[in-house]
Amino acid sequence: MQKHIKQALMLRRWVSIGHHFPGRIRLKYKLGILTKLAGFKAADIETVLSDIPAFKNYILNCATDSIVIDYDAEIINPQWLDELFCESEADAAQACYQIARCLELDGSRHE
């Protein structure tokens, strides 16, 4: 889990919120993120996302450099996502840990 948190906190610097309402978030990404993602296999990313029931769907739009993610706001508190992409490193780290704690490694909800 620690490895995923470290990666998420590193990658968030390349992403900003385009719009967000509970259950749906559009993330705008900077082109520099592509070099950071080069070390990840697309199939591995697909597997991780599909194993997390909180993520219902996502659409990658290369024309707008954005990704829209539909998620279950009952599992992931929308405020945590706002905090994950805020300016404060400390708030972002805390939000990332909160999200990680609410999800088990296998993607199930942690009670």
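Everything that follows concerns the structure shown earlier in this document.
Residues numbered from 1 in each chain as written. Predicted model: local features only at pLDDT ≥ 70, side-chain atom pairs only at ≥ 80, totals over all residues. Heavy atoms only, no water.

Draft legend 1. Here's a closer look at the packing of helix H1 (residues 2-11) against helix H5 (residues 89-102). Where H1 meets H5, the closest approach of the two axes is 10 Å, and the angle between their N-to-C directions is 140°. One finds that H1 runs oblique with respect to H5. When you trace H1 past H5, the crossing you get is right-handed. Packed against H1, whose contacting residues are Gln2, Ile5, Ala8 and Leu9, the element H5 presents Ala92, Ala93, Cys96, Tyr97 and Ala100 at the interface. The class makeup of the residues in the contact of H1 with H5 is 8 nonpolar, 1 polar and no charged. (Axes fitted to C-alpha atoms, helices over the stretch in contact; angles between N-to-C directions. Helix = DSSP H or I, 4+ residues; strand = E, 2+ residues; numbered from the N terminus. Parallel < 35°, antiparallel > 145°, perpendicular 65-115°, else oblique. Left-handed = near helix turned anticlockwise from the far one by under 90°. Contact = heavy atoms within 4.5 Å. Nonpolar A, V, L, I, M, F, W, Y, C, P; charged D, E, K, R; others polar.)

Draft legend 2. Molecular detail of the pattern of salt bridges. Across all of its chains, the model carries 3 salt bridges by this definition. For the salt bridge of Glu89 with Arg13, the shortest nitrogen-to-oxygen distance reads 3.4 Å. Of this pair, Glu89 sits in helix H5 while Arg13 sits in the loop between H1 and strand S1 (15-21), and the two are 76 residues apart along the sequence. Residue classification places Glu89 among the partly exposed residues on the basis of a relative accessible area of 42%. For Arg13, a relative accessible area of 48% puts it in the partly exposed group. When salt bridges that share partners are traced, they join Arg12, Arg13 and Glu89 into one network. (Salt bridge = Lys/Arg side-chain N within 4 Å of Asp/Glu carboxyl O. Buried < 20%, exposed > 50% of the residue type's maximum accessible area, 1.4 Å probe, protein only.)

Draft legend 3. Quick peek at the pairing of strand S3 (residues 55-61). Sheet analysis places S3 next to strand S4 (residues 66-71), joined by 6 bridges and oriented antiparallel. Within the sheet, the bridge partner assigned to Asn61 lies in S4 and is Ser66. Taking the residues between adjacent antiparallel strands as the criterion, S3 and S4 are bridged by 4 residues, where Asp65 takes a positive phi near 50°. (Pairing = 2+ DSSP bridges.)

Draft legend 4. How the structure looks around the sheet that holds S1. In space, the 4 strands of this open sheet follow the order S1-S2-S4-S3, with antiparallel pairing throughout. Only two strands of the sheet have a single neighbouring strand rather than two, namely S1 and S3. The average undirected angle you get between the axes of adjacent strands in this sheet is 20°. Direction of pairing for S1 relative to strand S2 (residues 24-29): antiparallel, over a ladder of 6 bridges. Paired with His19 across the bridge in S2 is Arg26.

Remember that the coordinates give geometry; whether it matters functionally is a separate question.
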